[in-house]
Amino acid sequence: MKIVVKKGSLADAPKEYVRIALTEKPKGMKRLVKEGGVETLELGVGKASEMNLRRFIVLCRAIVSAAKANKSPKIALQFDRMPELFKNLKTATPEHISQLAAENFEMANFEFNLFKTKPKDGWHSVEEILLYGKSSPSIEKALLKGQEIGRAVNACRTLANTPGGDITPTTLAKAAKEAVKGLPVKVTVLGKKDMEKLGMGALLGVAKGSTEAPTFTILEYKGGEGAPIVLAGKGVTFDSGGLNLKPSSSIYEMHMDMSGAASVIHAVALAARLKLKQSVVGLVPSAENMPGNNAYRPGDILKSLSGKTIEVLDTDAEGRLILADALTYAKRFKPALVIDVATLTGAAISALGLHASALLTRDDALAEEISRAGEASGDYVWRLPLWDEYEDRVKGEFADIKNVPGGSTSRYGGAIDGGMFLWQFAKELACPWAHLDIAPRMTAAPGEELAKGAAGAPVRLLVRFIEQWTR
Ligand code: BES
Ligand code: MN
Ligand code: ZN
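A. Fine view of the overall build of the protein chain. Counting its regular elements, the protein chain contains 14 helices and 18 strands. Taking 2.2 N^0.38 as the reference for a compact globule, 471 residues should give roughly 23 Å; the C-alpha atoms of the protein chain span a radius of gyration of 23 Å, in line with that estimate. Summarising its shape, the C-alpha atoms of the protein chain cover approximately 80 × 45 × 45 Å along the three principal directions. In the protein chain, once contacts between residues fewer than 6 apart in sequence are set aside, the share between residues at least 24 apart is 77%. Carbon together with sulfur atoms contributes 53% to the accessible area of the protein chain, which is approximately 19600 Å² in total. With 62 positive and 54 negative side-chain charges, the protein chain shows a spacing of 4 Å between the two charge centroids.

B. Quick look at the environment of Arg 61. Note that Arg 61 resides in helix 1 (residues 53-69). Setting aside its immediate chain neighbours within four residues, Arg 61 contacts Asn 104, Met 107, Ala 108, Glu 448, Glu 449, Leu 450 and Arg 460.

C. Seen up close, the coordination of the zinc ion (ligand 3). Each protein donor to the zinc ion (ligand 3) is listed here as Lys 234 (NZ), Asp 239 (OD), Asp 257 (OD) and Glu 318 (OE); together their distances run 2.0 to 2.4 Å. Metal-centred angles of 78 to 174° between the six donor atoms at the zinc ion (ligand 3) mark the site as octahedral. Each donor residue of the zinc ion (ligand 3) belongs to the same chain, and together they define the spacing K-x4-D-x17-D-x60-E. A spacing of 3.2 Å is found between the zinc ion (ligand 3) and the manganese ion (ligand 2), which share Asp 239 as a donor. Of this pair, Lys 234 sits in the loop between strand 9 (229-233) and strand 10 (235-239) while Asp 257 sits in the loop between helix 8 (248-251) and helix 9 (259-273), and the two are 23 residues apart along the sequence.

D. Structural detail: the coordination of the manganese ion (ligand 2). Coordination of the manganese ion (ligand 2) by the protein is provided by Asp 239 (OD), Asp 316 (O), Asp 316 (OD) and Glu 318 (OE), with metal-donor distances spanning 2.0 to 2.2 Å. Classification of the site at the manganese ion (ligand 2) rests on its six donor atoms, whose angles at the metal span 72 to 170°, yielding the label irregular. In the primary structure, the donors to the manganese ion (ligand 2) are separated according to the pattern D-x76-D-x1-E.

E. Here's a closer look at the site of ligand 1. Looking at ligand 1, there are 17 residues lining it, with Asp 239, Lys 246, Asp 257, Asp 316 and Gly 346 nearest. In this structure, Asp 316 approaches ligand 1 through a side-chain N or O atom, which is 2.7 Å from an oxygen atom. Interatomic distance of 2.9 Å between a side-chain N/O atom of Glu 318 and an oxygen atom of ligand 1. When the residues that make up the shell around ligand 1 are grouped by side-chain class, the tally is six nonpolar, three polar and eight charged.

F. Geometry of the domain arrangement of the protein chain. What the domain assignment reports for the protein chain is domain 1 (2-133) and domain 2 (155-468). Between domain 1 and domain 2, the C-alpha centre-to-centre distance is 35 Å. Domain 1 puts 18 residues into the contact, and the matching count from domain 2 is 19 residues. When domain 1 packs against domain 2, the two sides together hide about 1600 Å² of surface, and 56% of this comes from carbon and sulfur. Three residues, Arg 54, Met 107 and Phe 110, lead the burial of domain 1 against domain 2; their summed loss comes to 35% of the area buried on that side. Here domain 1 is connected to domain 2 by two salt bridges. The shortest N-O distance in the salt bridge between Glu 375 and Arg 54 comes to 3.0 Å. Elements that contribute at least two residues to the side of domain 1 that touches domain 2 include exactly helix 1 and helix 3 (94-109). The element best represented in the side of domain 1 that touches domain 2 is helix 3, accounting for seven residues. Looking at the side of domain 1 that touches domain 2 residue by residue, the class counts come to ten nonpolar, four polar and four charged.

G. Here's a closer look at the packing of aromatic side chains. Under the counting rule described, the total for this entry stands at seven aromatic pairs. Consider the rings of Phe 421 and Phe 425, whose centres lie 5.4 Å apart with planes at 45°: the pair is tilted. Here the residue Phe 421 and the residue Phe 425 both occupy positions in helix 13 (residues 414-426), the gap between them amounting to four residues, near one helical turn. Across the pair, exposure class does not vary: Phe 421 and Phe 425 are buried alike. Three or more aromatic residues joined by ring pairs make a cluster, and in this case those are Phe 216, Tyr 329 and Phe 333. Above the face of the Tyr 380 ring, Arg 54 is positioned so that its terminal group lies 3.6 Å from the ring centre. The residue whose ring lies beneath Lys 308 is Phe 425, and the NZ or CZ to ring-centre distance is 6.0 Å.

Each value, and the rule that gives it
- Residues numbered from 1 in each chain as written.
- Chains lettered and ligands numbered in written order.
- Predicted model: local features only at pLDDT ≥ 70, side-chain atom pairs only at ≥ 80, totals over all residues.
- Heavy atoms only, no water.
- Helix = DSSP H or I, 4+ residues; strand = E, 2+ residues; numbered from the N terminus.
- Rg over C-alpha atoms; globule rule 2.2 N^0.38 Å.
- Contact = heavy atoms within 4.5 Å.
- Areas by Shrake-Rupley, 256 points an atom, 1.4 Å probe, with all protein chains shown as cover.
- Lys, Arg positive; Asp, Glu negative; His and termini not counted.
- Charge placed at Lys NZ, Arg CZ, Asp CG, Glu CD.
- Donors = N, O, S within 2.8 Å, 3.2 Å for Na, K, Ca; no water.
- Tetrahedral: all angles 85-135°; square planar, octahedral: opposite > 155°, others 65-115°.
- Near = heavy atom within 4 Å.
- Polar contact = N/O pair within 3.5 Å; in protein donor to acceptor, adjacent residues only side chain to side chain.
- Nonpolar A, V, L, I, M, F, W, Y, C, P; charged D, E, K, R; others polar.
- Domains from an automatic or database assignment.
- Buried area = accessible area lost by both parts, 1.4 Å probe.
- Salt bridge = Lys/Arg side-chain N within 4 Å of Asp/Glu carboxyl O.
- Phe/Tyr/Trp six-rings, centres within 6.5 Å; stacked < 30°, edge-to-face > 60°.
- Buried < 20%, exposed > 50% of the residue type's maximum accessible area, 1.4 Å probe, protein only.
- Lys NZ or Arg CZ within 6 Å of the ring centre and 35° of its normal.

Take a look at the structure:
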């Protein structure tokens, strides 16, 4: 998509551009007006006084979706009318607003049609947006950056959406290499033999039921001299639940159980593309969780890379197992900070619905910083506690720890149990750590003007956070 800033007013737009007119009519109102060969698409934005950054994000997407629905590849917009119309947005800089607009134009223009036959008249995506208003080098830069971010989010969505039959641990590792092609990012892929040598018993345990071999991919971007930020992403390429097989109603979208991995891969690629000044390492432990005849069993005890033993009470709580080994592996990079990203629990969805990922950390300052990056980027997060009170729930009976509490209280606070399990490994790191349970944001929610399927969270949050990290 091309985004061009032009001096002057919307009235000057050439005829082939459909003009987008934002009005204070009710949100969602849409009307096409044709006059003298000029098409104007009126969009209601609700009361200007009620506009805020969150609504602005959805509005930018609504503009592109309306244009797509109208089959208008070229649109024009009075961009400098936006701050005037949305006085409440004035707390954000014009650069921030421009970046957000570009990000969300790109995100709304995306559809996962890799596996669809192209219609005779092509896909109805937007090819060009003319923004009428004052330009400046910093605004141009913000728009380009926003587009770059939007494209990375979309690449993440493509990877996450790709069916489980096509994305295996091996092809996920290939996708990581592909994502950073031409960028200064070093990629290393550990295979099963390497894992055995290292003693990654948790990751190996999860992988046992599948004929697909596990992989562990390491992406290294050196943007500065300081200690790196390590990101670890859950890469379960299909989560059948294993022997604790999921019911039909829960198994369908489980090819997206590598969404954390996809976001980490594309966040590292994006950090390199934007030449961020921080060093970032991406860790992608990957396995397929299947109920094969060699599958790990409920009751099995795994020896993790950390040396801690883990009792498997439920083979469907596999994400925390593969991440445990990744958190231990993170140590060797002497990180400044570790964040793991995972579609870890349905319980996070029960707790938060579809609009925020769960954030779990013992570090209040870090929680604050991640929350702020979430708010500013549109990848919203909400914190859940990781208090000592919860820790007994993951203490093991016959091993050091267990992967779920088991018993009658097992279904309470599942997102916290996931975080508390990971904390048992993260506490060995000599740096702050946070866990993002992105299960609520695995797929786009109704009303957010994004195509069905993967939402691409939290790529936007991660780059914004990395950029602002100064500790
Ligand atoms: N990948 C799932 C969690 C999930 C569910 C993500 C729905 C996105 C949408 C995870 O591996 C899982 O199965 N979690 C279990 C944990 C339970 C066994 C303690 C769950 O949520 O039921
Ligand atoms: Mn599972
Ligand atoms: Zn899973």
